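# Coordinate analysis (summary)
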There are 2 protein chains.
Amino acid sequence: MLRYAFVVLFITAIPVTLQNITQQKVRSYRRTNEQKILKEFTTLLAIPNIARDTENIRRNAAFIVDMMAQRGLNPRLLEPKTPGAPPAVYGEWKAPGATRTLMLYAHYDGQPTDPKQWTGTEPWQPVFRSAPIEAGGQILSGVLDKGDLNPEWRIYSRSASDDKAGVMAILTAFDALKSSGVAFTSNLKFIFEGEEEADSPHLGEIIDLNKQLLEADAWIICDGPVHQSGVKQVVFGARGDVNVDLTVYGAKRPLHSGHYGNWSPNPAMILAHLLASMKDENGRVTIDGWYDDVEPLGELERQAIAESPKYDEELKKQLGISRTEGSGHLLMELINAPSLNINGFSSGDVGALARNVIPTTATAVLDLRLVKGNDHKRQVQRLIEHIRKQGFFVTDHDPSDGERAQHGLIARVNARAGGYNAERTRMDLPIAQAIVNAVQSTSADKIVKMPTFGGSLPLSVISDRLQTVTMTVPIANYDNNQHAENENLRLQNLWDGIETFAAIMSGKF
Amino acid sequence: MLRYAFVVLFITAIPVTLQNITQQKVRSYRRTNEQKILKEFTTLLAIPNIARDTENIRRNAAFIVDMMAQRGLNPRLLEPKTPGAPPAVYGEWKAPGATRTLMLYAHYDGQPTDPKQWTGTEPWQPVFRSAPIEAGGQILSGVLDKGDLNPEWRIYSRSASDDKAGVMAILTAFDALKSSGVAFTSNLKFIFEGEEEADSPHLGEIIDLNKQLLEADAWIICDGPVHQSGVKQVVFGARGDVNVDLTVYGAKRPLHSGHYGNWSPNPAMILAHLLASMKDENGRVTIDGWYDDVEPLGELERQAIAESPKYDEELKKQLGISRTEGSGHLLMELINAPSLNINGFSSGDVGALARNVIPTTATAVLDLRLVKGNDHKRQVQRLIEHIRKQGFFVTDHDPSDGERAQHGLIARVNARAGGYNAERTRMDLPIAQAIVNAVQSTSADKIVKMPTFGGSLPLSVISDRLQTVTMTVPIANYDNNQHAENENLRLQNLWDGIETFAAIMSGKF
């Protein structure tokens, strides 16, 4: 607490700069236009946006093309080679005299969701609440026809934070600067992807087909949450990711658990043993070689971690947990290691539908996060080898009768398409420093510099194909329920995000 | 195989007895009336029969009252004290000169089921198939308007086997004897229960309210499958049963698995560790004291097990399993031990709905089977103690913030209502011998005498309240998918069941 007080005193001593003036102009524009901004935003949010929902994805893309056309950004759809895959929306703006080009990235698709799990609202019918649901937030009606929007209000909707907030913040920052007459200091390019939540299987194709168009000195990615303390951050990398479907087998037909229980193998128990073998009680992955490839952090990165706000205890309190994985290491440290997470598992039924049966299969979906040095295919192979070592016959299909007769333990393992590796940009590059300075200029608190995001972004898809570097500047509140039901965005985070991106577009280079 | 040939030769040498003549009469009645029997049966099957579906349960009861009234069985509803609970249907028949009374029991309710999991048909729209689905059985239409029903055909419907088959076999056996003019050798009472699949929470009340009415020398229970070899059997007991809901907790809200994975505890992994701690790789329960109370089998019981057909290898082939729990012990032996089965577990989502989150909870439904000597409350207590020993704070409610702050590992454990203990009738009682002889008289194969059913029946609810013993005479095919989707009954099993119960009603005592 004392530390924060010190920071505030220090910041107030900074003289009024050009950036402070710009920030005032942007803020004034936003205050005047809040209703208009949120009307456009909620209209965008109301379009369902699962990547494989082709029809609706194209409605999103068309709406964003309209938004960009209204701003004079010369928008066009970048279609991948693969028919039916979601297009990216591209636009651009030339800044007179600028020698650098920034690409501003966000994605307009969202994670699949089960509408039944949302509390009182539908995923694609955005509503305003007076506070988070957990804090008793109530649904507000007709707020866009009144003045005085409380910045603590939240918009509940799929992709309110992840990542239509990014699209909205970027395009509104552009509006604010343009209509305030502030000069852009970089040429700007804009790209909004339509299948990031499906692991970006066609972003590579799109880049390959439009290489010259998509070159830039840096890709600035607006995605993910700010630091848990509420402080803004710049993130220099992201973990890679690959998902794996895992199924184990019992008898071919469901059996009465009385007549056959403790004779016929129970696949739920088999899966429990197998999953338990993968991590120890402290959450350390016990799969051979899991941590072997990790590229150690440099001095600047270690220093940035050491300087970051210590927030774990506060976070534990908020989340209602009193024990963490990782033998006491901080969250900020642990996200620099590869992980193995169970996204979900299922066997038979629970609750009112539960019956006294031995289920036929048990299934888990695993999520493997990777850091710099890991390779997603190699990591999946280690998982497979581990399952083999537990005595399983590993296959990629449902077992045949012959395979069932031959093997006592059978595991089906399928890595999902679209896995990719981690990426990390060096903190000492001049353009990295410039982005840090731009974001810092909008914040009274010392911003966080994070070597690696815990979440994943398809950064290597970009940096493998283009002469560029990537940095992520997130804007969402950390408690936005990203990827889950009841996803939401705090209004102040959208307002702050607009100022952040305006600073990037108009900052000194 | 040789052994069976020998049995057949031996049986053919038996002279034609009164029982053989009776069996011929019953068979002839059935052959003449197959269409009529199946029309009545499918009409009964078409009434949804989940115990808590009050309206439909009463429609079932009313239909059975009608069936019994048509047969002159003086039916009435026995209502439990608890309002809204399903009634039992009772009827009776006095046999001139009979000194013994048999109570014939079946249940008309069925297990809950998810219609989506049925293959091409609905649970309560009975259809005939030419063979089991697994053997390519096709749906047959209009079969009840044609002659020549193939006895290998199957009726697919919830409760086709479990246990409306029991209601139908008992009432049709009565019809067959009555219309053939065969004398009943016992006074008959009939009771059809309406919430056996909900663990019979009110059967005790019903017995307490109607004690004199429900006294009998033996309760003969028609429920469950015949031996896997297809041979008829008499079962002298059944395992007890209690279900337990178990939930473990992660953070209070779903978290992004990238930003928080390998720091915030994953409840699916916690549950995997906990479940894995309960059984070893051979399926032996590792909970302290689990097997301590088991009352050993007597000499007659051990002999009956030794004489039973050895069917495990054939069964493994059919079920597509090449490994069983229980360190190589036979199924027939293992069902004489208490078990712990996972009926189902769930956390987050799998398949297309899976997302990169850390779920907030993970839940399993456990099924504890008990044998003679076990007490269901004591066994649940052992489970709870085991969970505590794994470091968990055990509670019966969702944890409060205070409990979350105090305990790193929290498990919610709720034993479901209606748990009950195992029961076993001595094989050397005269009435036990008489029932064995009656059933044997209808079978060319040596019937199986089973000390304990693997499945559970609320036998102690009966024997604790009445001066009686219980025996179970099952009739369903063993591959009937009891309790699961695609439940079915093979027609020949219904035909055989009618003959079996006719022999019991007319056998020598």
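Residues numbered from 1 in each chain as written. Chains lettered and ligands numbered in written order. Predicted model: local features only at pLDDT ≥ 70, side-chain atom pairs only at ≥ 80, totals over all residues.

## Thoughts on the overall build of chain A
For clarity, the cut-off: A run of H or I in DSSP becomes a helix once it reaches four residues, and a run of E becomes a strand once it reaches two; helices and strands are each numbered from the N terminus. In this treatment the radius of gyration is a C-alpha quantity, and the globule benchmark scales as 2.2 Å times the residue count to the 0.38 power. Put plainly, a residue is buried at 20 or more neighbouring C-beta atoms within 10 Å of its own, exposed at 12 or fewer, and partly exposed in between, counting only other residues' C-beta atoms, which are placed from the backbone.
The number of helices and strands found in chain A is 16 helices and 21 strands. What you see for chain A is a C-alpha radius of gyration of 24 Å, in line with the 23 Å of a compact globule of 509 residues. Its C-alpha atoms give chain A principal-axis dimensions of roughly 80 × 50 × 50 Å. Going through the 509 residues of chain A one by one, you find that 55% of them count as buried.

## Description of the interface of chain B and chain A
Put simply, the rule reads: Note on contacts: residues are paired as contacts if their backbone-placed C-beta atoms lie within 7 Å. Residue type decides the class: Asp, Glu, Lys and Arg count as charged, Ala, Val, Leu, Ile, Met, Phe, Trp, Tyr, Cys and Pro as nonpolar, and the leftover types, Gly among them, as polar. One bridge is not enough; two strands pair if DSSP finds at least two bridges between them.
With 79 residues of chain B in contact, the opposing surface of chain A contributes 81 residues. Broken down by element, the residue count for the side of chain B that touches chain A peaks at nine residues, all from strand β12 (residues 339-348) of chain B. Tallied by class, residues from the side of chain B that touches chain A come to 30 nonpolar, 33 polar and 16 charged. Pairing geometry for strand β12 (residues 339-348) of chain A and β12(B), over five bridges, is antiparallel. Bridged to A:Ser346 within β12(B) is B:Ser346.

## Description of the relation of the copies chain B and chain A
The operation linking the two copies of the chain is a rotation about an axis combined with a translation along the axis. The condition that has to hold: Overlaid copies result from least-squares superposition on C-alpha atoms, with residues included only where pLDDT is at least 70 in both.
Take chain B, turn it by 180°, move it 0.1 Å along the axis, and it overlays chain A with an RMSD of 0.1 Å. Within this description, the copies of the chain are treated as partners about a two-fold rotation axis. Mapped onto chain A, 100% of the interface residues of chain B again fall at the interface, so both copies present the same surface.

## Some thoughts on the environment of A:Pro225
The topology assignment puts A:Pro225 in the loop between β8 (218-221) and β9 (233-235). A sequence separation of 170 residues divides A:Pro225 from A:Thr395, and the C-alpha atoms of the two residues are 38 Å apart. What A:Pro225 contacts, discounting residues up to four positions off in sequence, is A:Pro474, A:Ala476, A:Asn477, A:Tyr478, A:Asn480, A:Gln482 and B:His259.

## Points about the domain arrangement of chain A
The criterion, for reference: The domain boundaries here were taken from an automatic or database domain assignment.
Domains assigned within chain A are domain 1 (2-236 + 425-506) and domain 2 (241-297 + 336-415). The C-alpha-based centres of domain 1 of chain A and domain 2 of chain A are spaced at 36 Å.

## A short note on the pairing of strand β10 (residues 237-249) of chain B
Residues and elements named next belong to chain B. A large share of β10 lies buried, amounting to 12 of its 13 residues. In this sheet, strand β17 (residues 423-424) lies alongside β10 in antiparallel orientation, the contact comprising two bridges. The partner of Ala238 across the bridge, within β17, is Glu423. With five bridges connecting them, β10 and strand β16 (residues 410-415) associate as antiparallel partners. Residue pairing in the sheet places Val248 in a bridge with Ala411 of β16.

## Some points on the confidence of the model for chain A
Residues and elements named next belong to chain A. To keep it simple, the criterion reads: Residue-level confidence of the predictor is what pLDDT reports, using numbers from 0 through 100.
Per-residue confidence for chain A gives a mean pLDDT of 93, with 96% of residues at or over 70. In this model, residues 1-15 is a region of pLDDT below 50 whose contacts with residues beyond four sequence positions or in other chains number four contacts. The complex prediction reports pTM at 0.77, with the ipTM value standing at 0.77.

## Some points on unusual backbone geometry
Comment: phi is negative for the bulk of residues other than glycine, and the bulk of peptide bonds are trans. Between A:Asp162 and A:Asp163 the backbone carries a cis peptide bond, its omega angle lying at 15°. You will see that B:His483, though not glycine, has its phi angle at about 75°, which is positive. Looking at where B:His483 falls in the secondary structure, it is placed in the loop between β20 (469-472) and β21 (488-490).

## Considering the sheet that holds strand β6 (residues 154-156) of chain A
Residues and elements named next belong to chain A. Taken in spatial order, the four strands of this open sheet run β5-β4-β6-β21, and their pairing is antiparallel. Edge positions in the open sheet fall to β5 (139-140) and β21 (488-490), since each of these has one partner strand only. Two strands pair when backbone bridges link them, and strand β4 (residues 127-129) and β6 are joined in this way by three bridges, in the antiparallel orientation. Looking at the pairing, Val127 lines up with Tyr156 of β6.

## As for the sheet that holds strand β6 (residues 154-156) of chain B
One open sheet holds the four strands; their spatial order is β5-β4-β6-β21 (chain B), and the pairing between them is antiparallel. What marks the edges here is a single partner per strand, and that holds for β5 (139-140) and β21 of chain B.

## Some remarks on the packing of helix α8 (residues 267-276) of chain A against helix α8 (residues 267-276) of chain B
For clarity, the cut-off: Each axis is a line fitted through C-alpha atoms, and for a helix only the stretch in contact is used; angles between axes span 0 to 180 degrees, taken between their N-to-C directions. Just so you know how the angles are binned, under 35 degrees is roughly parallel, over 145 roughly antiparallel, 65 to 115 roughly perpendicular, and the rest oblique. By definition, any crossing whose near helix is turned counterclockwise from its far helix by less than a right angle is left-handed, and any crossing with a clockwise turn is right-handed.
Look at α8(A) against α8(B): their axes get within 8 Å of each other, and the N-to-C directions meet at 115°. Taken together, the axes of α8(A) and α8(B) lie roughly perpendicular to each other. Taken as a pair, α8(A) and α8(B) cross one another with a handedness that is left-handed. Listed contacts from α8(B) to A:Met269, A:Ala272, A:His273, A:Leu275 and A:Ala276 of α8(A) are B:Met269, B:Ala272, B:His273, B:Leu275 and B:Ala276. Taken together, the residues of the contact of α8(A) with α8(B) sort by class into eight nonpolar, two polar and no charged.

## What about the nonpolar core?
To be explicit about the condition: We call a set of buried Ala, Val, Leu, Ile, Met, Phe, Trp, Tyr and Cys residues a nonpolar core when their C-beta atoms link them within 7 Å.
Within the largest apolar cluster, 288 residues are counted, with the highest numbers of intra-cluster contacts made by A:Ile170, A:Ala173, A:Ile220, B:Ile170, B:Ile220 and B:Cys222. Residues contacting A:Ile170, with those up to four places away along its chain left out, are A:Leu104, A:Ala106, A:Phe190, A:Cys222 and A:Phe501.

## Considering helix α16 (residues 491-506) of chain B
Counted only if it meets this: By this rule, a helix spans an expected 1.5 Å times one less than how many residues it contains.
Here α16(B) spans 23 Å end to end across 16 residues, near enough to the 22 Å set by a 1.5 Å rise per residue. Most of α16(B) sits out of view: 14 of its 16 residues are buried.

## Considerations on the environment of A:Gly250
With respect to the element layout, A:Gly250 can be found in the loop between β10 (237-249) and β11 (255-256). Sequence-wise, A:Gly250 and A:Ala268 are 18 residues apart; in three dimensions their C-alpha atoms are separated by 8.6 Å.

## Quick word on the packing of helix α14 (residues 430-440) of chain A against helix α16 (residues 491-506) of chain A
All names here are of chain A. Contact geometry for α14 and α16: axes closest at 8 Å, N-to-C directions at 135°. In terms of axis orientation, α14 runs oblique to α16. Considering the relative orientation of α14 and α16, their crossing is right-handed. Of the residues in α16, those touching α14 at Ile435, Ala438 and Val439 are Thr500, Ala503 and Ile504. Here the contact of α14 with α16 is composed, by residue class, of five nonpolar, one polar and no charged.

## Section: the environment of A:Asn356
Here A:Asn356 is to be found in the loop between β12 and β13 (357-358). Taking the number of C-beta atoms within 10 Å as the measure of exposure, A:Asn356 has 26 and is therefore buried. With 98 residues separating them along the chain, A:Asn356 and A:Gly258 place their C-alpha atoms 7.3 Å apart. Ignoring sequence-local partners within four residues, the contact set of A:Asn356 consists of A:His256, A:Ser257, A:Gly258, B:Asn343, B:Asp367 and B:His483.

## Structural notes on α8(A)
Judged by how many residues are buried, α8(A) sits mostly within the fold: 10 of 10 residues are covered. Along α8(A), the residues that are buried comprise A:Pro267, A:Ala268, A:Met269, A:Ile270, A:Leu271, A:Ala272, A:His273, A:Leu274, A:Leu275 and A:Ala276. Against β10, β12, β14 (361-370) and α12 (376-389) of chain A together with α8 and β12 of chain B lie the buried residues of α8(A).

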